[in-house]
Structure formats: C-alpha cells, structure tokens
Amino acid sequence: MKRISILNGIVGYKKKVGLAPGTLVHVGEEEARTCELSLIQYDADDVHESSIEADTDFGALRKEDKVCWLNVDGLDDVDVIDRIGEAFGVHDLILEDVLNTGQRPKLEEAEEGLFITVKMLQANEGQISSEQVSMIVGDGYVISFQERAGDVFESVRERLRSGRGRVRKAGADYLAYCLLDAIVDNYFAVLEQLGERIEADQVQLMEEPDEEVLAEVHGLKREMIFLRRAVWPLREAINALSKSDSPVIRKETRIYVNDVYDHTMQIIETLETFRDVVAGMFDMYLSSVSNRMNSVMKVLTIIATIFIPLSFIAGVYGMNFNNMPELTTGWMYPLGFWLMVFAVAVGMLGFFKYKKWL
Amino acid sequence: MKRISILNGIVGYKKKVGLAPGTLVHVGEEEARTCELSLIQYDADDVHESSIEADTDFGALRKEDKVCWLNVDGLDDVDVIDRIGEAFGVHDLILEDVLNTGQRPKLEEAEEGLFITVKMLQANEGQISSEQVSMIVGDGYVISFQERAGDVFESVRERLRSGRGRVRKAGADYLAYCLLDAIVDNYFAVLEQLGERIEADQVQLMEEPDEEVLAEVHGLKREMIFLRRAVWPLREAINALSKSDSPVIRKETRIYVNDVYDHTMQIIETLETFRDVVAGMFDMYLSSVSNRMNSVMKVLTIIATIFIPLSFIAGVYGMNFNNMPELTTGWMYPLGFWLMVFAVAVGMLGFFKYKKWL
Amino acid sequence: MKRISILNGIVGYKKKVGLAPGTLVHVGEEEARTCELSLIQYDADDVHESSIEADTDFGALRKEDKVCWLNVDGLDDVDVIDRIGEAFGVHDLILEDVLNTGQRPKLEEAEEGLFITVKMLQANEGQISSEQVSMIVGDGYVISFQERAGDVFESVRERLRSGRGRVRKAGADYLAYCLLDAIVDNYFAVLEQLGERIEADQVQLMEEPDEEVLAEVHGLKREMIFLRRAVWPLREAINALSKSDSPVIRKETRIYVNDVYDHTMQIIETLETFRDVVAGMFDMYLSSVSNRMNSVMKVLTIIATIFIPLSFIAGVYGMNFNNMPELTTGWMYPLGFWLMVFAVAVGMLGFFKYKKWL
Amino acid sequence: MKRISILNGIVGYKKKVGLAPGTLVHVGEEEARTCELSLIQYDADDVHESSIEADTDFGALRKEDKVCWLNVDGLDDVDVIDRIGEAFGVHDLILEDVLNTGQRPKLEEAEEGLFITVKMLQANEGQISSEQVSMIVGDGYVISFQERAGDVFESVRERLRSGRGRVRKAGADYLAYCLLDAIVDNYFAVLEQLGERIEADQVQLMEEPDEEVLAEVHGLKREMIFLRRAVWPLREAINALSKSDSPVIRKETRIYVNDVYDHTMQIIETLETFRDVVAGMFDMYLSSVSNRMNSVMKVLTIIATIFIPLSFIAGVYGMNFNNMPELTTGWMYPLGFWLMVFAVAVGMLGFFKYKKWL
Amino acid sequence: MKRISILNGIVGYKKKVGLAPGTLVHVGEEEARTCELSLIQYDADDVHESSIEADTDFGALRKEDKVCWLNVDGLDDVDVIDRIGEAFGVHDLILEDVLNTGQRPKLEEAEEGLFITVKMLQANEGQISSEQVSMIVGDGYVISFQERAGDVFESVRERLRSGRGRVRKAGADYLAYCLLDAIVDNYFAVLEQLGERIEADQVQLMEEPDEEVLAEVHGLKREMIFLRRAVWPLREAINALSKSDSPVIRKETRIYVNDVYDHTMQIIETLETFRDVVAGMFDMYLSSVSNRMNSVMKVLTIIATIFIPLSFIAGVYGMNFNNMPELTTGWMYPLGFWLMVFAVAVGMLGFFKYKKWL
C-alpha cells in the first residue's frame, strides 16, 4: 500500500532510456522480491486450484476443454514473464507494457488475444492504494499480472470454487469480465470513502476553517486528479472492449461488458460531481476565512474607534494650561468627565449598531 | 422525500461488491417495506383499473387486444420483481438496473422491448426530492418501477380513465411517452422553484450579504450539480429513444418523443443559465462583502486619522516643560487650543471629502 | 416591452402540467388581450394588404398564384390559432409550440412545410425586449405569429408595397428569408447598444468604480446570458434551414439563407467578444477597488506611523519624574522638542518616499 | 491606421437595417474618399503595370493568355464596385460582403470562382491596425479590394516585376496564394511585436506593479480577443480553400495552400500561448500588489505594535497619583525608564524577527 | 542550451517576410557556424560509420542494399541542405520547413517519403533546452537535421554498432522509429525533473511561501505551456504516422509506432496532471500568504486592542482635575491601578481565547 505520487506514470522510465524497444525491464518500484504464481483450471463440472513453481513448463498449462486462469503476483522475475510470453505467444511490446507499471489503462488487440491493463484501486483507512493489473485474454485462458500479492478477486475465486453464477459454464472471456467487474466494483468503495471525507471536510470548512482542512482539500484535489487519470482511460478501454470484434469476446458476454461500461460511466459522473464539489470548497474556505477575519477586524475597529476619542478627551484634561476652568470645577471629574466618556461610548456603539456593523 | 446526497449514485454498491453479476439485491435506502402493485388495462373502448397482489401470476396479465400498465411502488420485494422479469422475459442485468436506484438515466434496447430509467424530481416546500423510475416498454405493455408510493402520473391516469386525448386510442409506446412527458414536465416546476430561490437570494446578496445567503448559494450550486447529473443523461436517453429503430416505438409516436426531447433541451438550457447566474453570485457575495468591509474600514480610517494628530496636540500641552509660554497665555486654552483642534479636524475632513473617500 | 427574467423559458409551464400533449394553452404572460390579424397577398404584378377578422374562413386565404402572408399579433385567442392550424393543416404539437412563448429557437420540418421559431429582440432606451416570433412556411404562404403588436418587419412590408428588390418576384420562401433577415439585422442594433454600454461602463470602472457600475456589469452579464440563449439555437436553426432538403426552400433562396447564417455567426462572435470583455470587467472592478483601498490605507499608514512615535515623545515629556533635566532646560521646549518632532516626521516621510510608498 | 474597437464587426449595420438584401452600401467608416484602381497583367514573359480610371470598361481587362490582377483601394465608390461585379459576373451578395468591412474571414465558392475575405493586420509603433481585404479569384484573374491605400503586397509586386520565383509562370491561383501568404506572414510581425510588449510588461509587473501596467495588460487582453477573432476563422477559410474542389485551385498550388495553413496553425498556437501568459499576468499583478501591500502593512504593524506599549509606559508615569515612589527615585528616569523602553522595543523586534515577520 | 522564449515559434519570421515561398533561409538563431555531417550505412551483417565533407556528392550515398542514415548538425550552411534536398528529391517547401526552427511538430507525406519534424527536449541542471529535429525518411535512407551538435541518439548508434536488437535487420522505417523513440523517451526524463521541482515547490509553498517560490511557480507554468506546445502536435504527428498508408512504413514497424504513440499519450496525461497541480499552486500560495498575513494581523489586533483601553486608563489618571479622590488614595497606585490594568488585560486575553482568535 503506497501513497499515489505525482510522478506515478513516469517513474522508472530513466532505467529504460537507451534500451532497445521490447527489452524487458521491470520499471515499477521494487517491493515484491519474489514472483508467486497460482493457477485455476476449470470447466462446468470441475475446478482445480494450484500454486505453481517458477520453472514450470507454461506451454503445458493450456488445455483444450478447460479454462485456465494463471495469476502472477509480483513482476520482478522478468525471466518468468518472458517464458510465459513465449509459451502463450505474446508480443514483446505487450510484455514490456506488463512490466511498465506506469502504463495508462488500455486495451490492445493482437492476433493471439486481447491485452487489457487497468488500475486496481483499494481504499484502506483513508489511504487509496493503486496497483496495475494486466490481463492477457486468449482462447481458453486468462493470464493476470499484479504488482503485489493481495487483490480484489477473492469473490471471483469463491464463485469459481462453489460453481455459483454463470462463471464456470462460460468461457475465458466471461472470467476476464468477472475480474474487470470486481476491479470496477471496488472503485465504488473507493469513491464512497472519498465522498465521506468530502462531506466531513465540508462540515468542518463551514464551522472551523483552518489550514489543516485546507491541506485536506488540496489532498482531495490531488487524489481526484489521479483517480480521473485512472478512470477516464479505463472507460475508453472498456468501450473499445465492448466494440471490439475480436473472436475472443463472444456475443453473449458483450452485454456484460456493456454493463461494466455503464458502471465506469457512473464512476466518472460521480467523480466529476466530486470534483465540482471539491473545486467549490476552496471558495468556501476563502470566504469562510475572510468572514472570520472580518469579524475579528470589526471588534478591533469598534474597540479602537471607541477608545481613540476617549483617549483624546483624557489627553485634553491632562494638559497643563493655567486657564482651564473645567479642572477646578468640583463636580467636573466625578460627574462631567465620566458622563462625557459614557455618552461618547454609548453614542458610537449605537451608531455601529444602527449601521449593522455589530 | 429525502435530501439529495453527494453519495447518491454510489450508495449501496458495497452490498453488491463480490456478488455474481445479475444477482438481484435492492441497493437503495430501505424505506418502503412493502411493494404495492397496481394495474391498468385499457383499449379505446374500455379501461380497467385494479390493485393486485404480490403472488399474482404476472404472465396472465398480458392480453393481446389491450394495453397493460403494471406499476410497482417499492423495490424491496426482490422476489416479486424477479417473477415479473420472468413473466415478461426481461434480462437479469436489466432487473439489476431496476433495483440499483443509483443508476444514471439511460435507455437500453433489448429484443423484448425498451428499458428506460430516469429520475423523477418533485419540489416540495423548497426541497427537491428525487426518485428513480424505471420503465420496461414492450409490445402491448408498460411496466413501471418506482422507489416509493407517490408520483407525478396522476394526470395520465386521469386521462386514461376519462378517455380524453389520444392516450386510450394509441398503444403502449404512447403511454410510455405520456409517463416520460409527465416526469419531464415536472422538471419545469422544479426549475421554477429553483429560479425563484435564485432571484430571492440575488436580491438579498445585493442588500444584506451574510453567511446564511452564502450557505444558500453553496446549497444551490450543489442542487444544480445534481440536477445536471439527472438531466444531461436524460437528454441522451430520450435522444436515443427518438433515434431508436426498435419496433416498439411506432412512427406516429416518434414526433411526440421529439417534443419531449425539445423540452429536455429547454430544461438543460435553463439549467445552464441558472448555473451561470449562480456562479456569478459568489463573485457578487465577495464584492458585496468587500464593499461593506471597505466602508467599515473607511470610517475607522477617518476617525483614527482625525484623532491621532489631535491626541498628539493634547499630548504636547500635557508636557511638563518649565518653559512653555503657551501654557500661561490666558486665551490659549479656551480659544487657541480648540481652534487648532477644530482646524485640524475640519481640514482633514475636507481633504477626505476632496479625495472622495467619504 | 418587458425586462428579461431568469425564469423566461419555463414560465407558464405550470399551467400545462397534467394536460394532454397537443392541448393548446397560451403559456406566455397575458398582455395582449386581443388578437390582430393582417394579411398581405401579392405576386410580381400586384399587392393586396388587408386587416382581417378573427372569424374569417382561413382556408379561403390560400390562392394558387399569389403568395399569402398572414400575420397574427397576440396569442391569447387560442381558438383563432386552432382554426388557422386546421385551415393550413398544421400539426397540433407545432401549434402548441407557437403558443409556448418560452420555446427555444428551432426549425422543424413537417410535410406541410417548415416551422421556424425565433426570438425577435428590440432595443429601446437601454432596455432589450424579447418577443417570440413563429413562422409556418408552406407552399405559397407564410404565417407569422407574434406575442404583441409592433415588430421589425416594416421594411419588408415597404418593399412588398413598392415592389423594390426581388421580394415580389420570389416566392414564400424568400419572404420567410426576408422576415428572418429583418429579425437578425435587428440583433446588430441590439449588440451595438450593448457594446456602447460596455464601453461606457469600462471607462467608468477605470475612473470611478462604485457599486452602481458593478450592478451594471452584473446586469450586462445577465443580458448576455439571455442573448446567448437566443442566438446560439438560432444559429442551429438557420443552419438546419440552409441544409434542409424541404421542397419549400428553393435552390435560389438557399444562398440568401447562407447569408443570414453568416450574419448569425458574426453576431455570435461579437457576443462572445463582449462576453470576454465583460468577464474581464469584474476583475477590473476588483483591482480598481483594491487599488483605491490601498491608496486610502497608505494615507492611514503614513499619518498613523508618523504620529505614533511623536505622541510617544510627547508622552515622555508629560511624565512626572522628579529628575528630568530636559524639563528644566530653557531652550528644550521651544527648540529641542520641536526639532525632534520635525526630524522624526521628515525622517519617516523620507523613508516612505524612498520605499516608494508615497 | 485606427485602433480596434469592441464594436468592430457590427459597425455600420444600422445603415443597412431595412434595406433589401444585396443592396450595395459601404458600411465601413468613411475614410478614403476616392477609390484607386491599379492593374497588373502578366504572363511568363511579360508584365504590364498600370493605374486605371474608374470609368474603364472592366470587362475588357480579362485576357485569355494573361493573368490579370485588379487591385481596388477604397470602397466608397459603390458604383465602381458594382460595375466590376457585373463585368466579372460576381453575385450581389458577394459584393455586399466586399463592402461590409465588419465581415468575418471566410471563403465562399461560387460558380464564377472563389471569394476570400481576410483581415490584413499591420503593426505600427505599438499600434495594430486592421483592414479587410477581399479577393475574388477566377480563371485568369484576381480582384482584390482593400479599405485603404497601403498594403503588404509590395513584395509580391516586386516578384511579379522581376520575374523571381514561380509567380510569373504560375496562374491566378498562385497569385492569390502569394497575396494570402503575404498577409499571413505579416501576422508573425504583429505577433512578434505583441510578444515583446508582453515580455516587457511581465518584467514591469514583477518589479513595479502599478495601474498603468494593469491598463496595459487589459489592453493586451483586448487586442488578443480581436486577434483571435481574425485568426480562427482565417484558419477555417484556408482549410476550406485547401480542401476545396473548385477548378480554380490547381493541384500544384494546393501544396502551397497547405503551407499557409501550417502558418496559420502556428499563429494560432502562438496566440493561445500568449493568451495563457497574459491570463496569468492578472494573477501576477494581484499577487505582486498584495505582496507590496503586505510589506507596507508589516511596517505599520511593527511600528505601531512597538510604540503602543511604550506609550502606555509613558502614560503610566504621566499619572498624577500622589503615591508613586518611582517618580521620586532619582535614577528612575534617566536609567530605569529608558532601559524599560529599550527592553520592550528590542524584545518585540526580536519576537518579530523570530517569527520571520521582519 | 538556451532558455525557451515566449517568442519561440515566430522568431526569425521577419527575415522571411517578402521572400518568395520556397526560398531557403535559416531563420533560427545563429549559433552553430558550421554544419557537420555524419553518415552511418548498415545492413544486417555490416555497419559503416563516417564523417563526411560538405562537398560530397550526396546522390552517391544512397545504396540499394544498405540503409543509409545521414545526420546533419547545424542548419547554417543553406547550400549543403539545398544540395541534399536535390540529391534525395525533396520538395522546396519541406526544406524550408527544415530550416525554419520555429516549426510546430508535424508529419508530412510526399511521394519521395515522409517528413517528420519534432522538438528534441533535454533537461540539464534544471534547464530545459529545446532543439528542432527534422527527419526525411525514404526508401532505404533517413536524413536527420539538428540545430546543434549533441543529441539523444547515442543509444541508437550504439545499437547499430553492436547489432543488438532488431535495428540492423530492419529497414529505414525502423531506424526512424528508433530515433523518434529515443526523443520521446527523453521527454520522460524532462517530465521527471519537472515533477521533482513541482513537488519541492509545493513543500516550500506550504512551509515558507515567498515571492521566490511564486516566481518559480510562474516559471513552471510557462515551461508547461511550452511543453504542451511541443507535445500535443507531436501526438498528432505520431498518430498520423501510425495511420499513414505510405509504403515507407512497413506493416511490422506499425506496431512500434503505436507504442511510441502510447508513450506520447502518457506524456500528455502526465503533463495535464502537472498542469492541474501547478494551477492549484497559485491558490495555495494565495491562501498560504493570506493565512500568514492573518496571523500577523491577529497579533496586532490583540496587542493594540489590549493596550488601547490601558492607555485610556493611564490617560484618565494623568488628568489634572483638582477633585480626583483616587489620586490621593494611598493604595490606589501601587495596588488599585495595576490590578485594574491586570484585570483588563487578562479579561481581554480570555475573551480572545474564548473566541478562538488566539
């Protein structure tokens, strides 16, 4: 789980500058040291789940009558990925895209099958973590590559094991759809969390605007920028998938792909709504702060404006002129002076009240 | 009637994460506990209205020579909806969309007929409430699903009962148009209310800008965001409907659909106008507040700037120097000093007047 | 002549909510109580102008060899409009649009002919008034509907009477073009007036920014919003007209329609230019006001900052310490003290001058 | 040479309101009283240049084997233009466009040839002047209309005279291209001047922001608005020219037209860059002014905040209590008091320094 | 290495105004005095690298069975470029584009081959330098033109020498792709540097906003504007290349071109993300500065507001009334007065604390 950086999407390119195109180098951050492979093979009647070794003969995994889902966690072992590519006849440039975790979501159609790469988002305790998932979907097989162990596919595996729903009866294309659907459904959870943070921040902005909330708002803006960057191309990719005339996607699966497309549309609209709301929050902060500042300034104005004339009066009777009859009038200090002070103070307060400044 | 939330449209998705696609779960907020069904069957000569039970055989409702309108209020009884779907041959994914009340307005064409989902807006005492209405329109039947009892269709029912207008003579497609038209016509009422609030707020902004109006403006902005989100896809959906080559929509109904389309265009333009006006209101608030602040500051400036030199003069004659001939000059205090004070004050006021700061 | 309201375009819809589509109700504001009809029939040789009664047989007005222009001022007499529609075979929905004066400009093609609805703008003493004009153009006839008496068609009538130009020789389509052209030409007059107000406001903003100009600018913004709303769909409508393959528009008239289209483009560009300029005026106001505020604050700063140390000096020599040798030094007050005051004041003024704050 | 006005583009329309379409009236400002005509006739071998009279028989100017370029300076003599139009078979509406100098740049294709109207910009001592140039390009002739004498075509004439380049060998279409190219090339000079002013203003904004620079920036914004208005439709027109299938433009000339198109693209991009930069300048001004204001306010804060407590101390020892032992302590005034003053002043300065306010 | 100027893209046009189209003039800044030519000829088996003289017979360089890459550093020697153009049959307008270093990136297809012009960006110590690279790609040859010596092609040369990768086996089109790829890969390095600067500035904005960071932000904005101007047309050009049906680009190379296209998309998205982030930085600066200003103002408010009433009290007891009993009360000064002062000060501080202003 790592924080999304502004440099996401270009990180690691330095490593590649100057290499021949198609040279396989893992450009992501190096976290997972090893590469774990798991395999699920199934048909309508049976399901077989196994964890396999890096030195397996991948070519032997494909079987005519069963759908084979090979999942790879961790992209460091370039050699394994290279051999998988060879076994399934994947073009070098596509393998390069698998390894380049800064890839933007996209769909590519090749003769051997479809290549889909998307961002898998997960929300954990206020943190959104992003991981690139690539899928190669061919006739009878799905190969999925993830940056790290831990994913959102558990429900799909559960359905495969139990045989619930259509998944065991349908082909590799339906499995790929299920994986996509699981990823997209998780976006809603991420959005829900984000939405709740926005609502909380809005309340605080109205009540107690401080620099912390402002930093929060800037953070929200930033996360939104990155979400948009993940979701907009995702929509394009899924649209391309639903329009694709590749034989890999069968007619009966197409309606499901359209459904995922509707979900991405809904995600995008929610995101745009959030964006509009967050954009308005900076205005709210500014006006809230300036309202506060104004009420502080008003108090100063009032206190100062009342005391300045009073101080002048006191100053006048502190003068040392010989000929000041007021000074020797007995009732002047205890009565006259304080009455004057009181009159001026009350008069000004009344004036401010009348002007609605108070 | 509930306030529109920022999370509208994604709420309830959590419930669905991990379920097989097409699994029916009602994701809306749970308000209506029961599910009420009402049926209207009519042809040019006759109309029959009845409330039916949840355990009816829905398949028997379709009749060759009559149009059948089945209305469902409340989406909690998933079983009923499932059975309706079966009876009318509706795809699982469409039923899923019926239950998912965060759906964006859309039109879907299937073999069995058309599926339209829109937002029904109602304005009650300054509150805009939103409810999802889904319609399945087939050959000779319309099935409408609403989240709650209470709708804007009473005028359509009235026309069906009385036989006024074309509705009894025309088919299911015209009925669907009438329902859509009733929903869209209500948008105008919502807009009118909104427009009146905007005008009232504008007057208040000019005259007495305070934080309450500002909160109102932020509220207006928010409501506008949600209205746009309801109306823009609605326009798309109605456009798709008018362009659709589905046999369900007959040629003579198409001109009416175009008319609804024109209305949505008008709603969108009004909404955009409102948006421009509301966007300008924040600027108005800022400038209004800063104008107020400025006039307050000016008074401070003037009072302070006049009294500061006066206090200095008083301070000078409060000094204890032995050799201050002014202090012993008899006419100095009652005349000289006060003349000086008067001259300085009048001079400064004149200067400010001349500079147009007063 | 009435001020354009924010609710324009949705006003009156309430009256219609719940009515069957095609029911004729005049939704505009009720001003003109009666409905005046005037008729001009002409061919290349002859012109006949008459005012006709509401109970005329409208069907008899159409003549094979003459062009007939029927103008209706006032939309209150729904019955007359209904009978005109019947006589000329106009669809109910189109008549509904004629009566709905909040209609957006549009072109509709029907079998019987073309239906065009536009806004007729007139500028009178700084007020822009708007009126909806609908035209039904068929083979050999033009029917125009206006909300009120008084229009911009006098020059067209004059040309018809005198036989100047092509208008008498050409058909109904050319007449419709002439009417459109007259309306569009008047937009230029409206824009010119608007432009002059903008220029005047700009000068005042620079020289004497006050809340009145600001209100003016807000008013300009608002009027611009409504102008845009009238002109953009107008452009669409005229474009549709020039692209229309309706037999009503003959080939030789098409080039004139293109010319009107060019004019609307020019109007739109001028309007967008105005919008950019007006958008900049709010910035100008803010900076102008803040410049003013700054110069006021500067004077305060300078006066206060000069007198505060001087008052301190006076305060020091007002102290009652026994042992203050300065107080008993004879030249101290008339010379030393005032020199000190002078030095401090001049020193600070010099410092401010040096810092370019003065 | 005249300043570009906001009313440019609609000026003079008033004169035309109510006239029959195609009536020729010069709507530009009336500057040039007379109309000067010059003619260049050339083929690969020979060139003949002459100034001709207004009463020439224009029909006789066209020659089969020579290209004829007729240039008209000044649009006041409507009669001459009318006769030219007749001689070359130009449609009335096109002649109307020639005279209407508020025309937006456009290309029109007619049977007789092409009609192109563009803005010719010239930069003279910081002033940008604009003039409308219309060209009618037919088989073997180019007629160019200008508002005033003085143009950017001298280099083209020079090349015609000397026979340098392809121009003498190629046809009328290449000549038209050369004229367009000369006009577009001058835009670069205008942009360069504008760019230099922007750079100079930016430096001044950073160093000495005053209202004059601000007025400059507003002026720049305005000029940019008008430049955009000239260039964007120009691009469209040239694009239409390069895509036109008119026989007037031969295949070998098309590549040159594409080249001009690239130039307009470059002009547009530069203009958009300028716009972005100028848009940022208002922000720069605001922040620069507020930074200045802040530093002034800081000085006030510091001086006031230091002297206010000092004045209080002086005030305390100016009190007349009988029992103030400090007053009679001998070392108190010369030492104790001034030490206290010094300590407070230094303490506060230190505090401000520590807080980084100084 | 030179700083990017706002006038980039139009510089030098002045030199060309008035020249015949196709006249070759180098319009870039004159830096490189000489023109260096290097040649690499290779096939799958062999590679031959040489530096050649300006007076070579360029026509002889083309060989049937070898790919020939001619690189030209420096564009001053117009004669050499002219002769290269002649030898390889390049159109004059294309040579003109080679020399015009303000060209926007574009692809042009001619019969002889493809002409591609792009910007080569390099990041050196916080400075981004830009250089125009033009390539003419024909059957069996690539000619590249650079403004200066020094490029990003070293890795391509290395691969040619060593025979690593596909480059030696593939044709001229693959070589052109390799050069493009090397240029585009360098954009990532430039973006990475930019991204790091943005992140550093953001931290500083939050912590210590000063005018320097602001200038930095303005600088970043400016650089972004120029980057966009280089990258957006680049994307268009590469898209055109991948869609081009020129025989020069073979089918097996097309997939590589698509890969470069994906990279430019990624660059554009990163750039747009940066733009959004940088756009937000000005807001951050403003709010950060105003927060600072507010906290300074608060201290002033508090100090002034506390001392103003205290000074008034001191002023009162500095008055010279005869009848002021407090003055003669023994405990009044040491106890009563200071208690009063203490009470007022503590009361006000408490009030401010309570109001959360402190």
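- In the annotation of an unreviewed UniProt entry, the entry for chain A reads Magnesium transport protein CorA, and the organism field reads Anaerohalosphaera lusitana.
- Listed under Function (unreviewed entry) in UniProt, the entry text for chain A is "Mediates influx of magnesium ions."
- As its UniProt record puts it under Sequence similarities (unreviewed entry), chain A is described as follows: "Belongs to the CorA metal ion transporter (MIT) (TC 1.A.35) family."

## Overview of the sheet that holds strand 7 (residues 141-146) of chain B
Residues and elements named next belong to chain B.
Then, number 1: Across the sheet, seven strands lie side by side as 2-1-3-7-6-5-4; this open sheet has mixed pairing. The open sheet terminates on both sides in strands that have one partner only, identified here as strand 2 (47-52) and strand 4 (106-109). Neighbouring strand axes in the sheet, compared pairwise and without regard to direction, differ in orientation by 20° on average.
Then, number 2: Judged from the four bridges that link them, strand 4 and strand 5 (residues 114-124) form a sheet pairing that is antiparallel. When the sheet's bridge partners are listed, leucine 107 is paired in strand 5 with isoleucine 116.
Then, number 3: Across the face of the sheet, helix 4 (residues 154-162) comes into contact with strand 1 (36-42), strand 2 and strand 3 (67-73) while running at roughly 130° to strand 2.
Then, number 4: Of the strands in this sheet, strand 4, strand 5 and strand 6 (127-138) are in contact with helix 6 (residues 211-243), which crosses strand 5 at around 145°.

## Quick notes on the sheet that holds strand 6 (residues 127-138) of chain E
Residues and elements named next belong to chain E.
Then, number 1: Overall, mixed pairing links the seven strands, which are arranged 2-1-3-7-6-5-4 in an open sheet. What marks the edges here is a single partner per strand, and that holds for strand 2 (47-52) and strand 4 (106-109). If you compare each strand with its neighbour and ignore which way they point, the axes differ by 20° on average.
Then, number 2: Sheet analysis places strand 6 next to strand 7 (residues 141-146), joined by six bridges and oriented antiparallel. Opposite glycine 138, over in strand 7, you have tyrosine 141 as the bridge partner.
Then, number 3: Across the sheet, helix 2 (residues 78-88) lies against strand 1 (36-42), strand 3 (67-73) and strand 7, angled at about 160° from strand 7, the strand it touches most.

## Points about the interface of chain E and chain A
Then, number 1: The partner chain A presents 62 residues to the 56 residues of chain E that form the contact.
Then, number 2: Taking both sides of the interface into account, the surface hidden between chain E and chain A amounts to around 5,300 Å²; carbon and sulfur atoms contribute 65%.
Then, number 3: Counting across the chain E and chain A interface gives three salt bridges.
Then, number 4: Residue A:Arg222 is joined to E:Glu199 by a salt bridge in which the shortest nitrogen-to-oxygen separation is 2.9 Å.
Then, number 5: If you look at where chain E meets chain A, you find 13 residue pairs in polar contact (both at pLDDT 80 or more).
Then, number 6: Among the elements of the structure, helix 4 (154-162), helix 5 (172-207), helix 7 (251-316) and helix 8 (325-328) of chain E are those that each provide at least two residues to the side of chain E that touches chain A.
Then, number 7: For the side of chain E that touches chain A, the per-class residue count stands at 24 nonpolar, 19 polar and 13 charged.

## Some remarks on the relation of the copies chain A and chain B
Then, number 1: Laying chain A over chain B is done by rotating through 72° and shifting 0.0 Å along the axis; what remains is an RMSD of 0.1 Å. Expressed as an axis order, the relation between the two copies is that of a five-fold axis. Closest approach to the rotation axis among the C-alpha atoms of chain A is made by A:Gly318, whose C-alpha sits 4.6 Å away.

## A few points about the arrangement of the chains
Then, number 1: What separates chain A from chain C at the closest point of their C-alpha atoms is a distance of 9 Å, and the two make no contact.
Then, number 2: Separated in space, chain B and chain D share no contact, their closest pair of C-alpha atoms being 9 Å apart.

## Here we look at the relation of the copies chain E and chain A
Then, number 1: At an RMSD of 0.1 Å, chain E and chain A line up after a rotation of 72° and a shift of 0.0 Å along the axis.
Then, number 2: Little of the interface of chain E is mirrored in chain A: 11% of its interface residues are interface residues there too.

## Overview of the domain arrangement of chain A
Then, number 1: Examined at the domain level, chain A breaks down into domain 1 (2-287) and domain 2 (295-354).
Then, number 2: Here the C-alpha centroids of domain 1 of chain A and domain 2 of chain A sit 75 Å apart.

## Considering the interface of chain A and chain B
Then, number 1: Taken residue by residue, the interface counts 57 residues in chain A and 63 residues in chain B.
Then, number 2: Buried area between chain A and chain B, summed over both chains or domains, comes out near 5,400 Å², and the portion from carbon and sulfur atoms is 65%.
Then, number 3: Seen at the junction of chain A and chain B, the total is three salt bridges.
Then, number 4: Close ionic contact of A:Asp262 with B:Lys106 constitutes a salt bridge, the shortest N to O distance being 2.3 Å.

## Examining a nonpolar patch on the surface
Then, number 1: On the surface, A:Trp331, A:Leu335 and A:Leu339 cluster together to form a nonpolar patch covering roughly 360 Å² of accessible area.
Then, number 2: Within the element layout of this structure, A:Trp331 appears in the loop between helix 8 (325-328) and helix 9 (332-354).

## Some remarks on the environment of C:Asp43
Residue and element names in this part refer to chain C.
Then, number 1: Assignment of secondary structure puts aspartate 43 in the loop between strand 1 (36-42) and strand 2 (47-52).
Then, number 2: Taking the C-alpha atoms as reference, aspartate 43 lies 9.1 Å from cysteine 68; in sequence the two are 25 residues apart.
Then, number 3: Setting aside anything within four residues of it in sequence, one finds aspartate 43 in contact with Asp65, Lys66 and Arg168.

Cut-offs and rules
- Each residue is numbered by its place in its chain's sequence as written, counting from 1.
- Here every chain gets a letter starting at A, and every ligand a number starting at 1, in the order they are written.
- For this predicted model, a pLDDT threshold of at least 70 governs which residues receive local features, and a threshold of 80 or more governs which side-chain atom pairs are given and counted, while totals over whole chains, interfaces and linings are taken from all residues.
- Heavy atoms from the whole structure form the basis of all side-chain values; hydrogens and water molecules are not counted.
- UniProt positions are given in the numbering used here, feature names are shortened, and annotations may be inferred rather than shown by experiment.
- When DSSP finds two or more bridges between two strands, those strands count as paired.
- Helix and strand assignments come from DSSP, with helices taken as H or I runs of at least 4 residues and strands as E runs of at least 2, each series counted from the N terminus.
- Axis definition: a line fitted to C-alpha atoms, over the contacting stretch in the case of helices. Angles run 0 to 180 degrees between N-to-C directions.
- Contact between two residues is taken to exist if any of their heavy atoms lie within 4.5 Å; hydrogens are not considered.
- Buried area is calculated as the accessible area (1.4 Å probe) missing from two parts once they are joined, with the contributions of both summed.
- Salt bridges are identified by distance alone: a Lys or Arg side-chain nitrogen within 4 Å of an Asp or Glu carboxyl oxygen.
- Between N or O atoms, a polar contact is any pair within 3.5 Å; within protein, one atom must be a potential hydrogen donor and the other a potential acceptor, and residues adjacent in sequence are included only when both atoms are from side chains.
- In the scheme used here, Gly and all other residues not listed as nonpolar or charged are polar, with Ala, Val, Leu, Ile, Met, Phe, Trp, Tyr, Cys and Pro taken as nonpolar and Asp, Glu, Lys and Arg as charged.
- Alignment of copies: least-squares fit on C-alpha atoms of residues with pLDDT of at least 70 in both copies.
- Boundaries between domains were set according to an automatic or database domain assignment.
- Each patch is built from salt-bridge-free residues with over 30% relative accessible area, joining like charges within 9 Å and nonpolar side chains (Val, Leu, Ile, Met, Phe, Trp, Tyr) within 5 Å.
- Exposure was quantified through the Shrake-Rupley algorithm and a 1.4 Å probe, taking into account, for residues, occlusion by the shown protein chains and nothing else.

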